[in-house]
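For reference, the chains in residue letters:
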Amino acid sequence: ATGLNTAAVAKGKLYFGSATDNPELTDAPYLAQLSNTDDFGQITPGNAQKWDSTEPSQNTFSYTKGDVVANLAAANGQKLRCHTLVWHSQLPNWVSSGTWTNETLIAAMKNHITNVVTHYKGKCYAWDVANEALNEDGTYRNSIFYQTIGEAYLPIAFAAAAAADPDVKLYYNDYNIESAGSKATGAQRIIKLVQQYGAKIDGVGLQAHFIVGSTPSQSAQTSNLAAFAALGVEIAYTELDIRMTLPSTDALLAKQSSDYQNTVAACMANTKCVGITIWDYTDKYSWVPSTFSGQGAALPWDANLAKKPAYAGILTAL
Ligand code: XIL
């Protein structure tokens, strides 16, 4: 049978992939399917490369968990999307509650980026350099970085990442930027800001944490992809999942399948859209139920690792 990655690559995409996380790698049937390159040509560490994991205290770096995922990708012959360098969430206290000046936070941020990107140099297809810098209305999120440094933290971060690894693709990544609106316009403003500063930005990551029945239409996604592509960047769907209010029903699973199909079809129709990553592949390990109370069943494989209708929906679009 032709799997998701095989089909995506045959149509000119770089990969179809999945996020994963360290604790679930002890689950042998889970690991076997994750490592099946017919379905997954790419993996993303869901938590292991975040700031609280990689630099829990200042200038003390810890790569054990991230290396497990990077080594798994290498052993399987899968691409690695590296995630993420500068984000307001999952920050260690020394960053989020530190006493900073413009100068000291720029230095700490650059030191973090330089160390982490250098450690993974040559191993990542892409880095999500900055994650979720925007509010829903397209203004900047009031993170410690924005408060202390202003919007310049973004180009400074991209420049530091490029200096540490000139070959890795550098992405801005966010959610609710998958169709036109204030937040997508904000992401386009960030891309132009980094470009105007003279720093390298290669791509935009659309997280695509969607809801069954209110997923943006295929045409809304297609025109949004064109607006990003017009800025000269590539695009990836980086964290796709489509959740529902539990319990799941046959009708919800059928709608979920067509929502997945429309999203994947939008990527397939734009040559600048390089690949699609789902935010883990099985409902057994989805982040959704613990984050969105009463919701779940967001992924193409159920909690018993059986394929749901969404799997066939995706394959139809590939
Ligand atoms: C999530 C992880 O999947 C969870 O395990 C963790 O508890 C919280 O973060 N946007 C992102 C991802 O960019 O890093 C988040 O991952 C999901 C939302």
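As recorded in an unreviewed UniProt entry, the chain goes by the name Beta-xylanase, listed as coming from Penicillium vulpinum. Check the Pathway (unreviewed entry) section of the UniProt entry for the chain; it says "Glycan degradation; xylan degradation."

Taken together, Asn47, Lys50, His83, Trp87, Gln90, Asn131, Glu132, Gln207, His209, Glu239, Trp279 and Trp287 make up the full set of residues near the ligand. In this structure, Trp279 approaches the ligand through a side-chain N or O atom, which is 2.9 Å from an oxygen atom. Here the residues of the shell around the ligand sort into three nonpolar, six polar and three charged.

What follows deals with the state of the cysteines. Counted according to the given criterion, the structure contains two disulfides. Linked covalently through their sulfurs, Cys82 and Cys124 form a disulfide whose S-S length is 2.1 Å. Given an S-S torsion of about -85°, the disulfide between Cys82 and Cys124 has left-handed geometry. Of this pair, Cys82 sits in strand S3 (residues 79-86) while Cys124 sits in the loop between helix H6 (102-119) and strand S4 (126-131), placing them 42 residues apart in sequence. For Cys124, a relative accessible area of 9% translates into the label buried. Residue pairing for Cys267: its cysteine sulfur links by disulfide to Cys273, the two sulfurs lying 2.1 Å apart. Its S-S torsion of approximately -100° makes the covalent link between Cys267 and Cys273 left-handed. A single burial state applies to Cys267 and to Cys273, both of which are buried. Counting its disulfide-bonded cysteines in sequence order, the chain shows a connectivity of 1-2, 3-4.

The next point concerns helix H13 (residues 309-317). Of all the residues in H13, the buried ones are Ala310, Tyr311, Gly313, Ile314 and Ala317. Burial along H13 is one-sided: seen end-on, the buried residues are contained in an arc of 165°. Buried residues along H13 sit against helix H1 (4-10), strand S1 (15-20) and helix H11 (250-268).

Of all hydrophobic cores here, the largest spans 95 residues; its most connected members are Trp127 and Phe145. Element by element, the count of residues in this core is highest for helix H8 (residues 153-164), at nine residues. Residues Tyr15, Ala126, Tyr171 and Ala236 belong to the second largest nonpolar core, which totals six residues.

Let's shift gears to H8. The end-to-end C-alpha distance of H8 is 17 Å, a good match for the 16 Å that 12 residues give at a rise of 1.5 Å each. Most of H8 sits out of view: 10 of its 12 residues are buried. If you check which residues of H8 are buried, you get Tyr153, Leu154, Pro155, Ile156, Ala157, Phe158, Ala160, Ala161, Ala162 and Ala164. Buried residues along H8 sit in contact with S3, H6, S4, helix H7 (144-149), strand S5 (169-174) and helix H9 (182-197).

By the definition in use, this model includes seven salt bridges. Among the ionic pairs, Lys284 bridges to Asp27, the shortest N-O distance being 2.8 Å. Of this pair, Lys284 sits in the loop between strand S9 (273-278) and helix H12 (288-291) while Asp27 sits in the loop between S1 and helix H2 (28-34); the two residues are 257 residues apart in sequence, bridging distant segments of the chain. The partner of Lys255 in a salt bridge is Asp259, with the nearest N and O atoms 3.5 Å apart. Here Lys255 pairs with Asp259, and both are found in helix H11, just four residues apart, close to one helical turn. We classify Lys255 as partly exposed; its relative accessible area is 36%.

Rules used throughout
- Residues numbered from 1 in each chain as written.
- Predicted model: local features only at pLDDT ≥ 70, side-chain atom pairs only at ≥ 80, totals over all residues.
- Heavy atoms only, no water.
- UniProt positions renumbered as here; feature names shortened; annotations may be inferred.
- Near = heavy atom within 4 Å.
- Polar contact = N/O pair within 3.5 Å; in protein donor to acceptor, adjacent residues only side chain to side chain.
- Nonpolar A, V, L, I, M, F, W, Y, C, P; charged D, E, K, R; others polar.
- Disulfide = S-S within 2.5 Å.
- Helix = DSSP H or I, 4+ residues; strand = E, 2+ residues; numbered from the N terminus.
- Buried < 20%, exposed > 50% of the residue type's maximum accessible area, 1.4 Å probe, protein only.
- Arc of directions from axis to C-beta.
- Contact = heavy atoms within 4.5 Å.
- Core = buried A, V, L, I, M, F, W, Y, C linked by side-chain atoms within 4.5 Å.
- Expected span 1.5 Å × (residues − 1).
- Salt bridge = Lys/Arg side-chain N within 4 Å of Asp/Glu carboxyl O.

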